[in-house]
Structure formats: C-alpha cells, structure tokens
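Structural overview for review
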Amino acid sequence: MMENSPNMPDLDPVLKTGMSKRNIASAEKALARIRELGWEPLAAYPGSDTHWKVRCLLGCGEDGKNWEGVMFYSHMRRARRHAGCLPTGVREKAIEALNNSRR
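The shown structure was predicted, so the numbers you read here are calculated from the model rather than taken from an experiment.

**What to know about the overall build of the protein**
A tally of helices and strands in the protein yields 4 helices and 3 strands. Reading the protein from its N end, one meets helices and strands in the order α-α-β-β-β-α-α. Looking at the 103 residues of the protein, the share that counts as buried comes to 37%. Here the analysis covers contacts within the protein between residues at least 6 apart in sequence; of these, 38% occur between residues at least 24 apart. Just so you have it, the protein exposes about 6,500 Å², and 50% of that area is on carbon and sulfur atoms.

Pasting the structure below:
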C-alpha cells in the first residue's frame, strides 16, 4: 500500500484497496488524456474497464450546457464522444481552443 499525497490522483475506493504504482500511473495518464480531449472527471478514476462519470466541456449539451454522463475511459482515450457531441472538424477546433485557453 502506498501513502496518500497531495499530488496523488483521486482513485475509486476499489482501486484504493489494492493501490499500486500501476493504478496511480494509470490514473495520472487517464486524467491527462481526458483533459486533453475536453472532458472533466466528476468522480474518482475507476479503472479503464468501468464507467466513469464525466462532463464534456465543449458546450454541446442541451441549450449549450456541458453534457454529463458516464463513459468508459478506454472509449474516451480513443477520442470517442457522447451522442450529440459537436461534429467532427468543429469538435477538434473546440478542443484546441479549450486547451489553448488552459495555457
């Protein structure tokens, strides 16, 4: 078991019970990737084959709000989106603008 630190990513309680360097590294990689693709986590990292509660930050939900729901990390890391997300081309430009605004 590893000690908690302020820089440690939030892990789902199931992952915390068997916390390992691999779980921590996977969570860090997942968080970096989904943020890069315009997602925001709304729950602790659950692992790659488990639904993760997230928010799409592209304003493509109903009435321009940010869509919220559950996605598999394995789908998000391959840049798959939720139903009703911005069309290809527009989406990539929105993600680029979002990432540029974070710098």
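Moving on from the coordinates now.
**Focus: the pattern of salt bridges**
Pairing is possible between side chains of opposite charge, provided their charged atoms come close. Counted according to the given criterion, the structure contains 4 salt bridges. Here Glu36 makes a salt bridge to Arg33, at a shortest N to O gap of 2.9 Å. With Glu36 and Arg33 both in helix 2 (residues 21-36), this residue pair falls 3 residues apart, about one helical turn. When its relative accessible area of 24% is taken as the criterion, Arg33 is described as partly exposed. Each of Glu40, Arg55 and Glu68 takes part in one network of salt bridges that share partners.

**Some remarks on the environment of Arg103**
Its location among the elements puts Arg103 in the segment after helix 4 (90-101). A polar atom in the side chain of Arg103 sits 2.9 Å from the side chain of Asn100.

So, how was this worked out
- Residues numbered from 1 in each chain as written.
- Predicted model: local features only at pLDDT ≥ 70, side-chain atom pairs only at ≥ 80, totals over all residues.
- Heavy atoms only, no water.
- Helix = DSSP H or I, 4+ residues; strand = E, 2+ residues; numbered from the N terminus.
- Buried < 20%, exposed > 50% of the residue type's maximum accessible area, 1.4 Å probe, protein only.
- Contact = heavy atoms within 4.5 Å.
- Areas by Shrake-Rupley, 256 points an atom, 1.4 Å probe, with all protein chains shown as cover.
- Salt bridge = Lys/Arg side-chain N within 4 Å of Asp/Glu carboxyl O.
- Polar contact = N/O pair within 3.5 Å; in protein donor to acceptor, adjacent residues only side chain to side chain.

Any functional reading would require information beyond the geometric quantities listed.
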